[in-house]
Amino acid sequence: MFRFLVVLILVGFMAFGENIRADGLRSLDELRIINNGAGAQRLQITDRTGMVVVDTSKALPLIENEYSPNSYDGYMAKLLAERQDRVTIIDLQGEYYSLLSPSALAGDYLLLSTREEGNGAYNFNLKFSYDSTAKVFNLTQVLLNENNPECDQSLLNTYSIDRETLGVTSIANFDGARVFSVLRELRLTYQTSASTLEKLMPEEVASNFNAALKAFKAGNAQELNTHVTYLLAGDDDGSCDPKSYIVKKYYFPQRVGWSNDLGYLFEQAGHYSEAVELLKHITRKHPDRIVAYLNLADAYWALDERERASEAYAQYYEKMLNAEKKTRIPRRVLERK
């Protein structure tokens, strides 16, 4: 029912009120979106006592798309009950993801996710936490989601943006049309500075990585491959080209060690092209990450790219010498460099 409602919101044909009930919410009862005519929509939220805690016609505007006649941009609204240290996002395909977010608090939230006609690359999620005492929704997070437009349309990454950039503190002073324009400009700004933003990790990715690492340590090659395979992208037409997603999805600037370990697990599970893409990026961005050169060299060697492998082995060798760790250099490095 909710997916159908979203379509009505975007094309602007809704002529009646719709109730959206969110199971498991602690304090809130329902979210209503009512058509006021002339492209205006009224957002109403009530708590479990029946009290209206939100009533505004500014939050969910229908914004005429400049490229597609008779189509509209805007937001999709959803009520969520969040867990501690977790945040739920909705991507361009309407898929839900649970991400690890150490600063997130458990409670009730209003999520507004942007929808833009002809945009297959990204959307924004705005999270408003509900203060049941003050009966207000305060803006707590602004998240930028990027999808893979080249392959299976899956989520590539989610970045946390400083909420003060929007000039909004709560749903009470949220002007959807103005903020939508600001978000478009922010996207252009962050295209060149995403590496400085906090990147959130999907809970499913962390879980599969932990399971793969556990299998590797236990020497269980089949289990290792199973969980590593879950991390690979693809669709009905086959696997995605690693160049289209591996770095964007699995390189975490604030967790380089984690990314290096995943590259190693890719290599150990026999997914050498994926390993090369991730480890090559790490050595470029973090030339002091010595072990990454060894892992990269092993992946190149397995792909029978001997010249590149020898170069990486030689770089690893030189860096180990400079670090006065010659005795810890594996024999294969001396044979292959």
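Residues numbered from 1 in each chain as written. Predicted model: local features only at pLDDT ≥ 70, side-chain atom pairs only at ≥ 80, totals over all residues. Heavy atoms only, no water.

1. As for the packing of aromatic side chains
Phase 1: Counted by the stated rule, this structure contains ten aromatic pairs.
Phase 2: A centroid spacing of 5.4 Å and a plane angle of 80 degrees characterise the contact between F252 and W258, whose relative ring orientation is edge-to-face.
Phase 3: Residue class for F252 comes out buried when judged on its relative accessible area of 2%.
Phase 4: Ring centres 6.2 Å apart and planes at 65 degrees place the aromatic pair W301 and Y313 in the edge-to-face group. (Phe/Tyr/Trp six-rings, centres within 6.5 Å; stacked < 30°, edge-to-face > 60°. Buried < 20%, exposed > 50% of the residue type's maximum accessible area, 1.4 Å probe, protein only.)

2. Brief notes about the layout of surface pockets
Phase 1: Empty space within the second largest pocket amounts to approximately 330 Å³.
Phase 2: Every residue lining the second largest pocket is counted, 21 residues in all, and those nearest its centre are Y97, S154, E204, Y230 and K249.
Phase 3: Listed by contribution, the elements that provide at least two residues to the lining of the second largest pocket are β8 (96–100), α3 (203–217) and α5 (246–250).
Phase 4: Here the lining of the second largest pocket gets four residues from one element, more than from any other, and that element is α3.
Phase 5: Looking at the lining of the second largest pocket, its residues break down into ten nonpolar, five polar and six charged. (1 Å grid on protein atoms, 1.4 Å probe; cavity = no way out; pocket = protein on both sides within 12 Å on 5 of 7 lines; lining within 4 Å. Points joined across faces, edges and corners; volume = space filled by probe spheres on them. Helix = DSSP H or I, 4+ residues; strand = E, 2+ residues; numbered from the N terminus. Nonpolar A, V, L, I, M, F, W, Y, C, P; charged D, E, K, R; others polar.)

3. Thoughts on the sheet that holds strand β13 (residues 198–202)
Phase 1: Read across the open sheet, the nine strands follow the order β5-β6-β9-β10-β11-β12-β13-β8-β7; overall the sheet is antiparallel. A single partner strand is all that each edge strand has here, and the edge strands are β5 (63–64) and β7 (86–90).
Phase 2: Here β7 runs beside β8; their pairing, made up of five bridges, is antiparallel. Following the sheet pairing, R86 is matched in β8 by L100.
Phase 3: Across the sheet, helix α2 (residues 176–190) lies against β5, β6 (72–82), β9 (107–115), β10 (122–131), β11 (136–147) and β12 (155–161), angled at about 90 degrees from β6, the strand it touches most. (Pairing = 2+ DSSP bridges. Contact = heavy atoms within 4.5 Å. Axes fitted to C-alpha atoms, helices over the stretch in contact; angles between N-to-C directions.)

4. Notes on the packing of helix α6 (residues 256–268) against helix α8 (residues 290–302)
Phase 1: Between α6 and α8, the shortest axis-to-axis distance is 10 Å and the interhelical angle comes to 20 degrees. When the axis of α6 is compared with that of α8, the two are roughly parallel. Here α6 and α8 pass one another in a crossing that is left-handed. Facing N260, Y264 and E267 of α6, the residues of α8 in contact are V291, A292, N295, D298 and A299.
Phase 2: Of the residues assigned to the contact of α6 with α8, the class counts are four nonpolar, two polar and two charged. (Parallel < 35°, antiparallel > 145°, perpendicular 65-115°, else oblique. Left-handed = near helix turned anticlockwise from the far one by under 90°.)

5. Some thoughts on the side chain of D91
Phase 1: For D91, the location among the structural elements is in the loop between β7 and β8.
Phase 2: A distance of 2.8 Å separates a polar side-chain atom of D91 from the backbone nitrogen of E95.
Phase 3: Look past the residues within four positions of D91 in its chain and what remains in contact with it is Y97, R115, N123, N145, N147, Q153 and L155. (Polar contact = N/O pair within 3.5 Å; in protein donor to acceptor, adjacent residues only side chain to side chain.)

6. Things to note about the state of the cysteines
Phase 1: Inspection of every chain in the model, using the stated rule, returns one disulfide.
Phase 2: Two residues share a disulfide in this structure: C151 and C240, whose sulfurs sit 1.8 Å from each other. Taking the sign of the S-S torsion, about -90 degrees here, the bridge from C151 to C240 comes out left-handed. One end of the pair, C151, is in the loop between β11 and β12; the other, C240, is in the loop between β15 (238–239) and α5, with 89 residues separating them in the sequence. (Disulfide = S-S within 2.5 Å.)

7. What to know about the pairing of β7
Phase 1: The buried count for β7 comes to four of five residues, which makes it a mostly enclosed element.
Phase 2: Connecting β7 to the antiparallel partner β8 that follows it, the hairpin turn spans five residues, and G94 within it adopts a positive phi of roughly 80 degrees.

8. A few points about the pairing of β6
Phase 1: Summarising burial for β6: nine of the eleven residues are buried, a large majority.
Phase 2: Both β5 and β6 contribute to a ladder of two bridges, which runs antiparallel. Across the sheet, residue E64 finds its bridge partner in β6, namely Y72.
Phase 3: Pairing analysis gives nine bridges linking β6 to β9, with the strands arranged antiparallel. Residue M76 lies in a different strand from β9, and its bridge partner there is S113.

9. Some points on the confidence of the model for the protein
Phase 1: Residue-level pLDDT values for the protein average 88, and 90% of them are 70 or greater.
Phase 2: Segment residues 1–19 is flagged for pLDDT under 50; beyond a separation of four residues in sequence, or across chains, it makes 44 contacts in the model. (pLDDT = per-residue confidence, 0-100.)

10. Some details on the environment of N208
Phase 1: One can find N208 in helix α3.
Phase 2: On the basis of relative accessible area, N208 is assigned to the buried category, the value being 9%.
Phase 3: Taking C-alpha positions, N208 is 7.3 Å from L231, a pair spaced 23 residues apart along the chain.
Phase 4: Filtering out sequence-adjacent residues up to four positions away, N208 remains in contact with H227, Y230 and L231.

11. Describing the nonpolar core
Phase 1: In this structure, Y250, W258, L262, F266, L278 and Y316 are the most contacted members of the largest nonpolar core, which totals 44 residues.
Phase 2: Only α3, α4 (221–229), α5, α6, α7 (272–285), α8 and α9 (306–322) provide two or more residues apiece to this core.
Phase 3: Examining the composition of this core, we find that eight residues originate from one element, α8, more than from any other.
Phase 4: Not counting chain neighbours up to four residues away, the residues in contact with Y316 comprise I290, Y293, L294, R328, I329, P330 and V333.
Phase 5: Core analysis: the next-biggest nonpolar cluster, separate from the first, contains 38 residues, A59, L60, V142 and F180 among them. (Core = buried A, V, L, I, M, F, W, Y, C linked by side-chain atoms within 4.5 Å.)

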